[in-house]
Amino acid sequence: MATVLVVVLLVCGAVVANVARERAADDPAGVDLGLSLGAGATSNAPSAEPTTGQDPGSVRNAIVFLVDDMHDFSCAEAGAYLPRSSPWLVDRGTCYEHATTSTPVCCPARAQLQTGQYSHNNKVVRQKAAHLLTIDDTVQRDLGRAGLSTYGIGKNLNGVKPREYYGRTPLRTGFEDFDFWNSYQGRPGRFRLYDDTGRRYLPDNQLNSTETNGAYLSGFLDGQLVSGDPFFVYDAFFAPHKQGARFAPRHMPPVPREFASAPVPPFRYAPERFAGDKLPLFHRPDQDRAYYRRLFTARARSLLGVDEQMAIALQRLEDTGVLDETAVFFVSDNGYTDQGEVNWEGKSIPYPAAMNVPMLAYYPGRAPATDLRDVALVDVAPTLYDLLDVTPGHLLDGHSLLGNHERKVVYGEFYAEANGLVRQESGPRTSNLRSWRMVRRGRESYVEWYDPRGRTVFREFYTARAMTRNKLFHTRDADAPSPAKIREFRRLLERHGSCRGTVEAGSPRACG
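Presented here is a report on the structure given in the accompanying data block. Counting restarts for each chain, with residues numbered from 1 along the sequence as it is written. Where totals are concerned, whole chains, interfaces and linings use all residues; where local detail is concerned, this predicted model gives features only for residues with pLDDT of at least 70, and gives and counts side-chain atom pairs only at 80 or more. Water and hydrogen atoms were dropped before computing side-chain values, which therefore reflect all heavy atoms in the structure.

1. A look at the pattern of salt bridges
Then, in step 1: Salt bridges are identified by distance alone: a Lys or Arg side-chain nitrogen within 4 Å of an Asp or Glu carboxyl oxygen. Here the structure, examined in full by the defined rule, presents 28 salt bridges.
Then, in step 2: A salt bridge links Asp-338 to Arg-299; the shortest N-O distance between them is 2.7 Å. With Asp-338 in the loop between β9 (327-332) and α8 (352-355) and Arg-299 in helix α7 (residues 289-319), this pair connects stretches of sequence that are 39 residues apart.
Then, in step 3: A 1.4 Å probe rolled over the protein chains alone gives each residue an accessible area, and that area as a share of the maximum for its type sets the label: buried under 20%, exposed over 50%, partly exposed in between. With relative accessibility at 0%, the residue Asp-338 sits in the buried group.
Then, in step 4: Note on Arg-299: relative accessible area 0%, which makes it buried. Each helix corresponds to a stretch of at least 4 residues labelled H or I by DSSP, and each strand to a stretch of at least 2 residues labelled E; elements are numbered beginning at the N terminus.

Okay, structure coming up:
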């Protein structure tokens, strides 16, 4: 029976083969993970454009690999970061040179992936807002309704303790079956898993976190490749996330032993020499050049473990005759400033190092290509619906990547919060960040920062994608914006900050 696999790799984890899989509890009707989005939040109309060069009816299965906090890299560098999986993802794939996430922090970014909606629509606006996600408005739930076996692995949504997914009254995840855990300790013997009752236990198989993701996937494929039943897998890795929020060596990302001395792509230290035109948080570097080099090297080597597990899975699919009918995506949940950019270490900020993400795709029957459109994380779910020929049960803000949609405006939003989870996830200084929104059109970008009452306290305008010279500070520059230009961008910001759905779906407040 013909089988097609879609693999979406969102930077947060890895895949291992030939290890026994421990199955988690089924997802019976339990406590709903989310609340209703309110009136006007749902629609049965998809927002996908017509496909070109790919027959959606031929795709039966999908896998999403999610990796955590990977900085963007160019299409030219992709093979250096992913040397083992590059024969599929790079040499025969499509590279999206200008991919972004609209909320550059883990939990909201994952919710965008699962819903195809911006944070202000799916309501997961903060790290601890996962309980607000409406599970019936997720791609995994819709694909399950369409008859696919759905399976989630690894790190799901921040703010939900993994034990809440197990036991007699588990939180709904939308997946028929899952093995979720949540630990930033990736080395063997340093993290715990969960059995079907929600009991934590220490595995004794000497696998690291990345290999554990791979072992679960391998076990799932054992059954699915035999049965031939259609399936959807969401495989969320922890790599290359740090093991803590501080700057100590023990908080560096875990590096698999076999990659401890592996060569990595070039390190390009890029602190902002003059950051006085930004908020005070960005005026001075977090750490020195030597620290950032160590951090960059550890993260690149941690990603090599993910690359190895991807290659194992892709090779297995090719060996079993499945890969010829398999679509593969690689994307990160958000970027990361690990080369000193903007004098900041972490994410959560409106600048390219945090907003930009790597995205690669392998589509059967399509020639290798570099796609220069502005695409976004919210476009992944619409693409899955399109490939699998499933109609979404809710309104989508993104567009299928199989179509010809040209995004005219890139939108971003971040909602401030201060708690231990935020410091652990995003760095010790993230608790000091204000909420912000931004829009970019072409090379011009506009940013607003807000106080807790929603009042604008700082504004920025840039005329280059690098966003390194705030023209609202350097007012004597020849290309400083006019008042009319600022009014125009403020209207764009307001429009996209309240947008919902797409023109194709007939939405009156369509997202760009």
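This is not the end of the story, as more comes after the structure.
2. Here we look at helix α6 (residues 209-227)
Then, in step 1: Its 19 residues place the ends of α6 28 Å apart at the C-alpha level, agreeing with the 27 Å of an ideal helix rising 1.5 Å per residue.
Then, in step 2: The buried fraction of α6 is high, at 14 of 19 residues.
Then, in step 3: Immediately downstream of α6, the backbone of Gly-228 shows phi near 75°, a positive value. What a helix is expected to span follows from its residue count: subtract one and scale by 1.5 Å.

3. Examining the side chain of Asp-379
Then, in step 1: Among the secondary structure elements, Asp-379 is positioned in the loop between β12 (369-376) and α9 (380-388).
Then, in step 2: With a relative accessible area of 2%, Asp-379 lands in the buried category.
Then, in step 3: Here a polar contact is taken to be a pair of N or O atoms separated by no more than 3.5 Å, where protein atoms must pair a possible hydrogen donor with a possible acceptor and residues adjacent in sequence count only if both atoms sit in side chains. Among the polar contacts listed, one links the side chain of Asp-379 to the side chain of Arg-407, at a separation of 2.9 Å.
Then, in step 4: In this view, Asp-379 contacts Gly-398, His-399, Leu-401 and Arg-407; residues no more than four positions away in its chain are not counted. Note on contacts: a residue pair qualifies if any of its non-hydrogen atoms lie within 4.5 Å across the two residues.

4. Considerations on the environment of Asp-222
Then, in step 1: Looking at the secondary structure, you find Asp-222 in helix α6.
Then, in step 2: Classification of Asp-222 by relative accessible area gives partly exposed; the value is 40%.
Then, in step 3: A polar atom in the side chain of Asp-222 sits 2.6 Å from the side chain of Arg-316.

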